[in-house]
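Survey of secondary and tertiary structure
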Amino acid sequence: MKAPHPDTYQFLEALKVHNTKEWMDANRKWYQEIRQGLIDYAGQIQESFAEVYPMTMMDPKKYLARINNNRRFHPDKPPYKTNFALMVKRRGPDYGDFYLHIEPGNLFIGTGLYHPAKEHLLALRDLIDLRGDELKTIEEDPQFKKVFGAFRGDKLQRNPKGFELDHPHIELLKHKDLLIMKQLEDEAIFTAKGLRELKEAFAAAIPFMDFIDDAISQA
């Protein structure tokens, strides 16, 4: 299998200590090697996921998030992120992604709506209003529970505007974010077993991702 560069975590640990443009410029070749390893790994993930879902195959480069921090509105941030992120799209750029967060001691996968745009959140609530039973069934599925547990995300303390507290799906409607996540061992990205674990999680997440994509498409 095509695993990330073996120095991936070492690079991030060094970057956390030396988070400057000068250090990055001096270690640009090392960074490019790490980056290419992650792009190759994204392609490997895409091929694996395509075995359980007929994916829209994209250029793996598009899955790797930029390492530069956006400092336009947060000038106090360091120049670079201290993690890598792969965001695998199964239906193209206008739909949700399956997210892989790579950071020493904090490797996890997830998907859903995180800090969504207002129109996406409203569309999600409208869909929950209509099909909340379906979402509850997804959460209670044994394989889903085994992999992800329960839904996550920040919630309102009170009922959202337009919905009464006695609504049968009020706890789902209170969500401001609606996410699923799973923590992994750091070495998972380097092993065939870890790739199978990612594939299993992706397969378990598909009904949830379908629900989220339906909401996005109606926004």
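Please read all numbers here as calculations on a predicted model, not as lab measurements. Think of each chain on its own: its residues are numbered from 1, step by step along the sequence as written. It should be noted that, the model being predicted, local features are given only for residues of pLDDT at least 70 and side-chain atom pairs only at 80 or more, the latter also being counted only at that level, while totals for whole chains, interfaces and linings use all residues. Side-chain numbers come from the whole structure's heavy atoms, not from hydrogens or water.

Turning next to the environment of Glu51. Segments assigned H or I by DSSP are reported as helices when at least four residues long, segments assigned E as strands when at least two residues long, and all are numbered from the N terminus. Of note, Glu51 is situated in the loop between helix H3 (28–49) and strand E1 (84–89). Since its relative accessible area comes to 58%, Glu51 is described here as exposed. When the C-alpha positions of Glu51 and Lys199 are compared, they lie 8.7 Å apart, and in sequence the two are 148 residues distant. Here the term buried applies to any residue with accessible area under 20% of the maximum for its type, exposed to any over 50%, and partly exposed to those in between, with areas from a 1.4 Å probe on protein chains only.

On to the side chain of Asn69. Along the polypeptide, Asn69 turns up in the loop between H3 and E1. The exposure class of Asn69 is buried, given its relative accessible area of 17%. Pairs of residues are marked as contacts when any of their non-hydrogen atoms sit within 4.5 Å. Other than its neighbours up to four places away in sequence, Asn69 contacts Lys77, Pro78, Pro79, Tyr80 and Lys81.

As a further point, take the sheet that holds E1. Note on pairing: two strands pair once DSSP finds at least 2 bridges between them. Reading across from one edge, E1-E2-E3-E4 is the order of the 4 strands in this open sheet, with antiparallel pairing throughout. Edge strands, defined here as strands with exactly one partner in the open sheet, are E1 and strand E4 (178–184). Pairwise comparison of adjacent strand axes, ignoring direction, gives a mean angle of 20° for this sheet. Two elements, E1 and strand E2 (residues 97–102), share 6 bridges in a ladder whose sense is antiparallel. Of the residues in E2, the one forming a bridge with Lys89 is Asp97. Contacts from helix H7 (residues 192–218) reach E2, strand E3 (107–113) and E4, with the element oriented near 20° to E3. With axes taken as lines fitted to C-alpha atoms, and helix axes fitted only over the stretch in contact, angles between N-to-C directions fall between 0 and 180 degrees.

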